[in-house]
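Structure at a glance
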Amino acid sequence: MPQATSLFTDVESNVVGTSAVVIYAPAGKKRQRFPEGVVEVYTSEAEALAHADPDKGRHAAIASGPSRSSEGFRLFYLVRWLD
């Protein structure tokens, strides 16, 4: 049976993936999940880092998603911050 590579990524499934992103989080890096509207997906970590601007609340990260929450929202789940 295939093993999942992390809590949020199943290598056998294309439903939810892990991507380099920039998250708009003006209150800081305290949260672990973010609504789809504050996340921009990029093709690489380098590209996400290039578009980040921590002084303006735009932080580069690796995140899984989007996935539908029990409340019906599409969320991204933080894997790790890049900046």
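Residues numbered from 1 in each chain as written. Predicted model: local features only at pLDDT ≥ 70, side-chain atom pairs only at ≥ 80, totals over all residues. Heavy atoms only, no water.

1. Comments concerning the side chain of Ser64
On the secondary structure map, Ser64 appears in strand E4 (residues 58-68). In terms of polar contacts, Ser64 uses its side chain to reach the side chain of Thr18, at 3.0 Å. (Helix = DSSP H or I, 4+ residues; strand = E, 2+ residues; numbered from the N terminus. Polar contact = N/O pair within 3.5 Å; in protein donor to acceptor, adjacent residues only side chain to side chain.)

2. Examining the sheet that holds E4
Spatial strand order, E2-E5-E4-E1-E3: five strands in an open sheet with antiparallel pairing. Each edge of the open sheet is held by one strand with a lone partner, namely strand E2 (33-35) and strand E3 (39-42). Within the sheet, the average angular offset between the axes of one strand and its neighbour, ignoring direction, is 45°. Pairing analysis gives eight bridges linking strand E1 (residues 17-24) to E4, with the strands arranged antiparallel. Residue pairing for E4: Thr18 is matched across the bridge by Ser64. (Pairing = 2+ DSSP bridges. Axes fitted to C-alpha atoms, helices over the stretch in contact; angles between N-to-C directions.)

3. Regarding the packing of aromatic side chains
Inspection of the entire model under this criterion finds one aromatic pair. With centroids separated by 5.9 Å and ring planes inclined at 75°, the aromatic side chains of Phe34 and Trp81 adopt a geometry described as edge-to-face. Taken together, the positions of Phe34 in strand E2 and Trp81 in strand E5 (residues 74-81) put the pair 47 residues apart, joining distant regions of the chain. Assigned by exposure class, Phe34 and Trp81 land together as buried. (Phe/Tyr/Trp six-rings, centres within 6.5 Å; stacked < 30°, edge-to-face > 60°. Buried < 20%, exposed > 50% of the residue type's maximum accessible area, 1.4 Å probe, protein only.)

4. Considering the confidence of the model for the protein
The predicted model of the protein has a mean per-residue pLDDT of 86, with 82% of residues at 70 or higher. Within the model, pLDDT remains below 50 along residues 1-6, and this stretch shows five contacts once partners closer than five positions in the same chain are excluded. (pLDDT = per-residue confidence, 0-100. Contact = heavy atoms within 4.5 Å.)

5. Digging into the pairing of E4
Burial analysis of E4 places eight of its eleven residues in the buried class, the great majority of the element. Relative to E5, E4 runs antiparallel, the two being bridged by six bridges. Residue pairing across strands places Arg68 opposite Arg74, the latter belonging to E5. Once E4 ends, the chain turns through five residues before running back antiparallel as E5, passing Gly72 with a positive phi of about 95°.

6. What about the pattern of salt bridges?
Within this structure, the stated rule accounts for four salt bridges. With a shortest N-O distance of 3.1 Å, Asp83 and Lys29 are connected by a salt bridge. Linking Asp83 in the segment after E5 with Lys29 in the loop between E1 and E2, this pair joins segments that are 54 residues apart in sequence. Residue Glu45 pairs with Arg80 through a salt bridge whose shortest N-O separation is 2.9 Å. Separated by 35 residues along the polypeptide, Glu45 in helix H1 (residues 45-51) and Arg80 in strand E5 bring together distant segments of the chain. (Salt bridge = Lys/Arg side-chain N within 4 Å of Asp/Glu carboxyl O.)

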